[in-house]
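Per-entry structural report
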Amino acid sequence: MKILFATDGSETAHRALEFVKDFPFPRDSEFTLITIVDKDAFTDEGYHGLSPEQRASLRETEDAVREECSELLVREAQHLRDAGWGGRTITRSGHPADEIVRAAEELRADLVVLGSHGLKGLERYLLGSVSSAVLEYAPCSVLVVRGTHEGRAADKPLQILLGYDDSESAKKAVDFCARLPLGEGAKVTALGVMPLVTLFRQDIKQHLSWLWHEKKRAARDALERVVKEVSWTAPDVDYQLREGSDVAQEILRAAKDFDSDLIVLGNKGKSAIEKFLLGTVTKRIARHAPCSVLAVRGSNAGS
């Protein structure tokens, strides 16, 4: 698996690194660490109107920033090597989200990993400015790491919540999980959510409908197939079928109930309707989840 790990030296990036160091990726996985120097800070326009002394000072600052970025990548790469992962480093200039997506395309990455900026106020907005853009436009799967489980016992089994709706993107998410060497310690819960239409109490009619019961039976059968597929890599696999008027909210509620470390979802494509669906479910979950979120996309999933 080719993994692109984006870092900016922040606390959230550090937490993301700690998360992936012990994550059960395939052992032949290769990491590329990338950091971005903001191009707006050191453009030619930025030197306009400055005195020679000021220009020299700004160039010294630019050199210092690039040197700091290089040192950051050396440190982060060493942390990965200490954990048994190999890889390389690259530094780029530009807007972070654009350069991360471009690098993922050029490297033919299977997965992009980056940290979120938390859950409150401006931090939540910042999640939208970088993480959400990468989540939407990356050509591959994206893991957004949220470090809310800091301080948990090191030997605590990994708790994975696998959202499943029998769509093609959800099947790719299952395939991704099935290819991970999770081992006996991991716990995987496949979650299906049957959407209820509560307007004018239509949910009552749904429950009385034979078609509703047939859909419920089919959903259970699909979840049982997921359990069989994932149990090859993680023996502790179970499923739960819930009902609710808001699918994203039910998934978020389940993540809290199960004390999940990671939510795994299929990421829709880039057509108009798929982008709309992405915005209503996957992006909402990535923005509000109490834990990390892995959105699986594309034919490279799990390769």
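In case you missed it, the structure is sitting above this.
In this text, all values refer to a predicted model and were calculated from it rather than measured experimentally.

Tallying each qualifying case throughout the model produces five aromatic pairs. Ring geometry for F23 versus F25: centroids 4.7 Å apart, planes at 50°, classification tilted. We note that F23, like F25, is buried. Pairing F25 with W85 gives two aromatic rings, centres 6.1 Å apart and planes at 75°, and the pair type is edge-to-face. Of the two residues, F25 is situated in the loop between α1 (11–21) and β2 (30–38) and W85 in the loop between α2 (52–82) and β3 (86–94); the sequence distance between them amounts to 60 residues. Of the two residues, F25 and W85, neither departs from the other in class, the shared state being buried. Grouped by ring-pair contacts, the aromatic residues F19, F23, F25, F31 and W85 constitute a single cluster. Over the ring of W85 we find R27, and its NZ or CZ is 4.1 Å from the ring centre.

Paired through backbone hydrogen bonds, the strands of a sheet run either parallel or antiparallel to each other. Pairing is mixed in the open sheet, where 10 strands are placed in the order β3-β2-β1-β4-β5-β10-β9-β6-β7-β8. The open sheet is flanked by β3 and β8 (236–244), the only strands paired with a single partner. Taken pair by pair, the neighbouring strands of this sheet meet at an average axis angle of 20°, ignoring direction. Most of the contacts of α1 go to strand β5 (residues 141–145), to which it runs at about 115°, and overall it touches β1 (2–6), β2, β4 (111–115), β5 and β10 (292–296). Running over the sheet, helix α8 (residues 210–230) touches β6 (159–163), β7 (187–195) and β8 and is turned about 155° from β8.

Calculation notes
Residues numbered from 1 in each chain as written. Predicted model: local features only at pLDDT ≥ 70, side-chain atom pairs only at ≥ 80, totals over all residues. Heavy atoms only, no water. Phe/Tyr/Trp six-rings, centres within 6.5 Å; stacked < 30°, edge-to-face > 60°. Buried < 20%, exposed > 50% of the residue type's maximum accessible area, 1.4 Å probe, protein only. Helix = DSSP H or I, 4+ residues; strand = E, 2+ residues; numbered from the N terminus. Lys NZ or Arg CZ within 6 Å of the ring centre and 35° of its normal. Pairing = 2+ DSSP bridges. Axes fitted to C-alpha atoms, helices over the stretch in contact; angles between N-to-C directions. Contact = heavy atoms within 4.5 Å.

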